[in-house]
Amino acid sequence: MLRRVRFQNTCPACLEALGARVALQLQGWHVGGVVPERGLAGAPMLPSSAAGGAGRGRSILSSSDAGRAWASSWQLCAAALSQQRSFAGSAINTCGGSSSSGNGAGADVSKPLQLVRNRKGTVVAVPADLEAQLAPLAQLCGCSPAALSRAVAAEGKPRQAGVVQHGAAVAAWLCSQGVSDVQLHRLLLCCPVLFSWPVEQRAGVLFGQLQGLGLTAAEAARCFEVKPLAATSPSFAPAIGVLAELFAAGSKSSGLAEQLVGSFLLRQPAAAGLLKYGTETLQERIDSMLGLGLSKAQLVAAARQTWAVLKASPARLAALGGVLQQELGGGRELCAKLLRRVPRLAASSLETVRLRAQALVQASRLAMLGLILSMPSMGGGCWLALGWR
């Protein structure tokens, strides 16, 4: 019977050290051909002797190949456990220390190393001195230096240095514009990249353009909280121009085109994700929607229900049309009709669209069957018999 070992409270570095120690000792044991039942402290035990019963071990490693196989298995086991534990979350503490000696002394634990995932999904380490450098800014905005260092470390090296250099000035400017302390705290943790340029190069420009649409500073800050990537754009002017033209042509409401865009952003702060696109990219996506047969008024009405309808690329619309053609037998006209009635379809995954189309077909068949069975002139049993053929 195999004995169980608990690894729940063992750090990844210690697991790797344990694997290395067990591997070395197993490589030495294969010479004598006997593996003790109790070896290293904390190492999983091997089966005891099934017959004879007198000895404390069992001769199971009769060759050097077997010994190396066991050693390799231990190394792989420790590495797998270490990796599973290391990448269980977006920010993990690992401890590094020297492996314990044969007398059972514990490992020396150094300062924890913080790991985070950047926007590309790559695991990167938080610089050891970043937390101390960001401590004044964290105190100014009322947030934890450790949490701020993890958020900033997810950005690139230039942006990390930019937050350290310009963060306090940007925070002070935002407070002067009317952003509350609570919102400033959230904004710094959600969108640290906004604080990584001088005020006149990024925050001042973008907030000024949003305020020109009729938004307050707090409402503009909400856009960056919801869509932090919008702060990577140096200017919103190109996208605002394209949206203003669309809303002016497709809206019956009176008022300036810029005010219509501002009302659109006020109701859907996540629509700030459209502002990072250039003129050509955004216009291409609008033209693709219009090419399906939607009018500008219909497109604006759909966008006011969900802004994501303006985000769909031509490739995305082509794939969506392919799924609808395959499942429902409809072409561009069907796609346009569905987008008018259910605009969120543009943001749904293709698999979701496929499943809902199949459910629609099944529901239509059931409804038709119910209609047929309710007709008095038709024998229900006859139709059921035909359906089973």
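Because the structure is predicted, anything quoted here is derived from the model rather than measured.

### A few points about the nonpolar core
Core analysis: the largest hydrophobic core is formed by 80 residues, its most contacted members being Leu 187, Leu 194, Phe 195, Phe 224, Leu 275, Leu 310 and Leu 339. Among the elements that line this core, the one with the most residues is helix α9 (residues 237-250), at seven residues. In this structure, Leu 275 is in contact with Leu 210, Ser 233, Ser 235, Phe 236, Ala 239, Ile 240, Leu 243 and Leu 265, ignoring residues within four places of it in sequence.

### Section: the confidence of the model for the protein
Here the protein averages 75 in pLDDT, while 65% of its residues score no lower than 70. Highest mean pLDDT in the protein belongs to helix α8 (residues 217-226) (97); lowest belongs to helix α16 (residues 380-388) (36). Long-range and interchain partners of residues 1-10, a stretch whose pLDDT sits below 50, account for 18 contacts in this model, where long-range means more than four residues apart. Predicted confidence is poor over residues 378-389, with pLDDT under 50, and the contacts of this stretch with residues over four places away or in other chains come to six contacts.

### Section: helix α7 (residues 203-212)
Within an α-helix, residues lying three or four positions from one another point in the same direction, as the helix has 3.6 residues per turn. Within α7, the full set of buried residues consists of Ala 203, Leu 206, Phe 207, Gln 209 and Leu 210. Angular distribution of buried residues about the axis of α7 spans 160°; they occupy a single face of the element. Contact partners of the buried residues in α7: α5 (157-177), α6 (181-190), α8, α9 and α10 (257-267). Once α7 ends, the next one or two residues include Gly 214, with phi positive near 105°.

The rules we used
- Residues numbered from 1 in each chain as written.
- Predicted model: local features only at pLDDT ≥ 70, side-chain atom pairs only at ≥ 80, totals over all residues.
- Heavy atoms only, no water.
- Core = buried A, V, L, I, M, F, W, Y, C linked by side-chain atoms within 4.5 Å.
- Buried < 20%, exposed > 50% of the residue type's maximum accessible area, 1.4 Å probe, protein only.
- Helix = DSSP H or I, 4+ residues; strand = E, 2+ residues; numbered from the N terminus.
- Contact = heavy atoms within 4.5 Å.
- pLDDT = per-residue confidence, 0-100.
- Arc of directions from axis to C-beta.

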